[in-house]
Amino acid sequence: MRSARRGPGARPAGGRDDRLARPPRGGRPALDPAREAAYEAVAAVHRDDAYANLVLPRILRESGVTGRDAAFATELTYGTLRQTGTLDAIVAAAADRPMERIDPPVRDALRLGAYQLLHLRVGAHAAVATTVDLVRSLVPGAAGFANAVLRRVAETDRTAWLARLAPADPVDRAALTHAHPAWIVRAFADALGSLEEAELALDADNLAPPVHLCAHPGLIDTADLAASLRGASVGRYSPYAVVLSGGGDPAAIAAVRDGRAHVQDEGSQLVANALATAPLDGRDDTWLDLCAGPGGKAGLLGALALQRGAHVTAVEVAHHRAALVASATTGLPVYTINADGRDVGRDRDLPAGGFDRVLVDAPCTGLGALRRRPEARWRRQPSDLPPLTRLQRELLQAAFRAVRPGGLVAYVTCSPHQAETSVSVTEAARRSDVEVDLVDARPYLPGSLPEVGTGPTVQLWPHRHGTDAMFLALLRRTA
Ligand SMILES: C[S@@+](CC[C@H](N)C(=O)[O-])C[C@H]1O[C@@H](n2cnc3c(N)ncnc32)[C@H](O)[C@@H]1O
């Protein structure tokens, strides 16, 4: 984080429209700390492949930006990153040159300026002046260029820009309008069977998601936990979900600190709970989580196992993530091992046919949680799919080997892409030596959950259910 260019003149006197950078007497322009923090975060994402949710809190802390300024910096950073593809199309048109021909620091500053002009209620004068000052501090010779480009951006509003740039192809048009790459628009439309509804899903990705807690069953009551937190409410569907009202650090909540609750999307709770509650004949005390890091679902399964006299083996291939699982499940009957889940039958902790219930929460593109990771949609590529789908199928086949005859496997992804959902399940079952049948998963989700489709698998959606887009297939080993 650069530090030398801040001065008392940069503190806002009132609302955001007052945030004009004013040159301190005899010096260079003083930059607005919130905007500078947003620039640093966006630049780190593009320059260093940083993650905004990790890098921004550090930048805010180091630069002393707090309160309303921190909220503004966060909105500016996350919004700019979500909208990057569309902002780029508009800035490139206004600049009359492709983005690649603009210096990276100037490019990021222009994205932030354009976002303020087209999405925030920041006055045009303030948005242009502060961005030009930022550009002057980064690349002094580019200030005039930035000023001209932003004035052109400000000539029309977002709707008019979208109309002016609208491609003829409906998928490309939706991609521009809702700021997602076209391949993701196509994947959502395929999964939903309609481009019109996919546009609602894309819109939902552009909203800041609420933070959900999972109250560990048997350790803390959901309603009591909600009542103890200002503005919190119980979740709509999961019996364990508490919805926070925004603001504040969930890690500071006493029940989270002492392991009676953890941060977890309501959809993740629903799919883990479905595996634990679907009926099973015979022994039911030996459970397996084959892809456990960082331990969200292992935490819920561990709490349920504690109530039911069962235990969970939690497998994670990445050493540091296995450590996170162990820490997330402290005090619960969860045995964490740092191993490759595909080693069922070869690893002595993973005996073939040794488990009653098995969860495969497979590594995936994460297209179902794009609302949580603002830069992810532009970073993911269709070429990520083949290695992931291969791994998904191998892990699912390992789960089929791990489960005893009559036992259950839940295959879960945080992606609605059909190559990772139904196709992975069909392909793994087709190539498996072990016989499995799909079980209708819908009865093991709350009856109040709307629009769960015709089964047997279930696909959740942010715009329908307020959850991440989790996919669930339940399978029973028949022989
Ligand atoms: C989607 S995440 C699981 C999330 C986790 N279940 C939770 O709820 O917190 C997938 C995990 O699988 C792990 N993984 C990838 N390949 C694996 C393998 N061959 N064996 C075991 N774990 C693997 C990844 O490191 C990642 O932590």
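The rules behind the values
- Residues numbered from 1 in each chain as written.
- Predicted model: local features only at pLDDT ≥ 70, side-chain atom pairs only at ≥ 80, totals over all residues.
- UniProt positions renumbered as here; feature names shortened; annotations may be inferred.
- Contact = placed C-beta atoms within 7 Å.
- Helix = DSSP H or I, 4+ residues; strand = E, 2+ residues; numbered from the N terminus.
- Near = placed C-beta within 6 Å.
- Nonpolar A, V, L, I, M, F, W, Y, C, P; charged D, E, K, R; others polar.
- Expected span 1.5 Å × (residues − 1).
- Buried ≥ 20, exposed ≤ 12 C-beta atoms within 10 Å, placed from the backbone.
- Axes fitted to C-alpha atoms, helices over the stretch in contact; angles between N-to-C directions.
- Parallel < 35°, antiparallel > 145°, perpendicular 65-115°, else oblique.
- Left-handed = near helix turned anticlockwise from the far one by under 90°.
- Pairing = 2+ DSSP bridges.
- Domains from an automatic or database assignment.

Participant: Which parts of the structure should I look at to understand the UniProt feature "binding site: S-adenosyl-L-methionine" (unreviewed entry) in the protein?
Facilitator: Using the residue numbers shown here, the UniProt feature "binding site: S-adenosyl-L-methionine" (unreviewed entry) corresponds to C291, A292, G293, P294, G295, G296, K297, E316, D343 and D361. Once residues lying within four places of it in the same chain are set aside, the contact partners of G293 are E316, A318, R321, A322, L324 and V325. Mapped onto the elements, G296 comes out in helix α15 (residues 296-308).

Participant: Explain the site of the ligand to me, please; I cannot follow it from the model alone.
Facilitator: Looking at the ligand, there are 20 residues lining it, with C291, G293, G296, G341 and D361 nearest. For the shell around the ligand, the elements supplying multiple residues, two or more each, are α15, β6 (311-316) and α18 (385-402). Each residue belonging to the shell around the ligand can be placed in one class, and the counts come to nine nonpolar, five polar and six charged.

Participant: Would you take a moment to explain helix α4 (residues 84-95) for this structure?
Facilitator: What sets the pattern is the α-helix's 3.6 residues per turn: residues three or four places apart point alike. The terminal C-alpha atoms of α4 lie 16 Å apart, and with 12 residues this matches the ideal 16 Å at 1.5 Å per residue to within 8%. Of all the residues in α4, the buried ones are T84, T86, L87, D88, I90, V91, A94 and A95. On its buried face, α4 sits against α3 (67-82), α5 (104-119), α7 (143-154), α8 (158-165), α9 (170-178) and α17 (376-379). D96, located one to two residues past α4, shows a positive phi value of around 55°.

Participant: Is there a simple way to think about the packing of helix α2 (residues 52-63) against α3 in this case?
Facilitator: Packed helix pairs are specified by the crossing angle of their axes together with the interaxial distance, meaning the distance between the axes. The N-to-C vectors of α2 and α3 enclose an angle of 150°; their axes lie 11 Å apart at closest approach. Of the possible angle classes, the one that applies to α2 and α3 is roughly antiparallel. As for the relative orientation of α2 and α3, their crossing is right-handed in sense. Contacts between α2 and α3 pair A52, L56 and L60 from the former with A70, A73, T74, T77, Y78 and L81 from the latter. The class makeup of the residues in the contact of α2 with α3 is seven nonpolar, two polar and no charged.

Participant: Sorry, what's going on with the packing of α9 against helix α11 (residues 195-205) here?
Facilitator: Interaxial distance between α9 and α11 falls to 10 Å at its minimum, and their mutual angle equals 20°. Considering their axes alone, α9 and α11 lie roughly parallel with respect to each other. With respect to the hand of their crossing, α9 and α11 are arranged in right-handed fashion. For the pair formed by α9 and α11, the contact residues are P170, V171, A174 and H178 on the first element and L195, A198, E199, L202 and D203 on the second. For the contact of α9 with α11, the residue count by class is six nonpolar, one polar and two charged.

Participant: In this structure, what is going on with the pairing of strand β8 (residues 355-361)? I would like to understand it.
Facilitator: In regular strands, side chains alternate between the two faces of the sheet. Counting buried positions over the seven residues of β8 gives six, a clear majority of the element. As defined by bridge partners, strand β5 (residues 286-289) adjoins β8 across three bridges and the pair is classed as parallel. Bridging from a neighbouring strand, W287 pairs with R357 of β8. Strand direction decides the pairing type here: β8 and strand β9 (residues 403-413), joined by six bridges, are parallel. Along β9, the bridge assignment pairs F355 with V403.

Participant: What is the right way to read the sheet that holds strand β4 (residues 261-263) from this model?
Facilitator: Hydrogen bonds between backbone groups are what pair the strands of a sheet, and the pairing can be parallel or antiparallel. Here we have four strands laid out as an open sheet, ordered β2-β3-β1-β4, and antiparallel in their pairing. The sheet is open, and its two borders are formed by β2 (233-234) and β4, each paired with just one other strand. Where strand β1 (residues 212-215) and strand β3 (residues 241-243) come together, three bridges link them in antiparallel fashion. Looking across to β3, one finds that C214 is bridged to A241.

Participant: What am I meant to see in α7 here?
Facilitator: Taking 1.5 Å per residue, 12 residues should reach 16 Å; α7 reaches 16 Å between its end C-alpha atoms and fits that length. In the core, the buried residues of α7 are packed alongside α4, α5 and α6 (124-138).

Participant: How should I be thinking about the domain arrangement of the protein in this particular structure?
Facilitator: Accessible area lost when the parts come together is the quantity often used to give the size of an interface. Partitioning the protein into domains gives domain 1 (8-159), domain 2 (168-205), domain 3 (209-263) and domain 4 (265-477). Distance from the C-alpha centre of domain 2 to the C-alpha centre of domain 3: 33 Å.

Participant: Explain the environment of R35 here, please?
Facilitator: Mapping R35 onto the fold places it in helix α1 (residues 33-48). In this structure the C-alpha to C-alpha distance between R35 and L306, which are 271 residues apart in sequence, comes to 48 Å. Contacts of R35, omitting those with residues within four sequence positions, involve L76, L112, T130 and L134.

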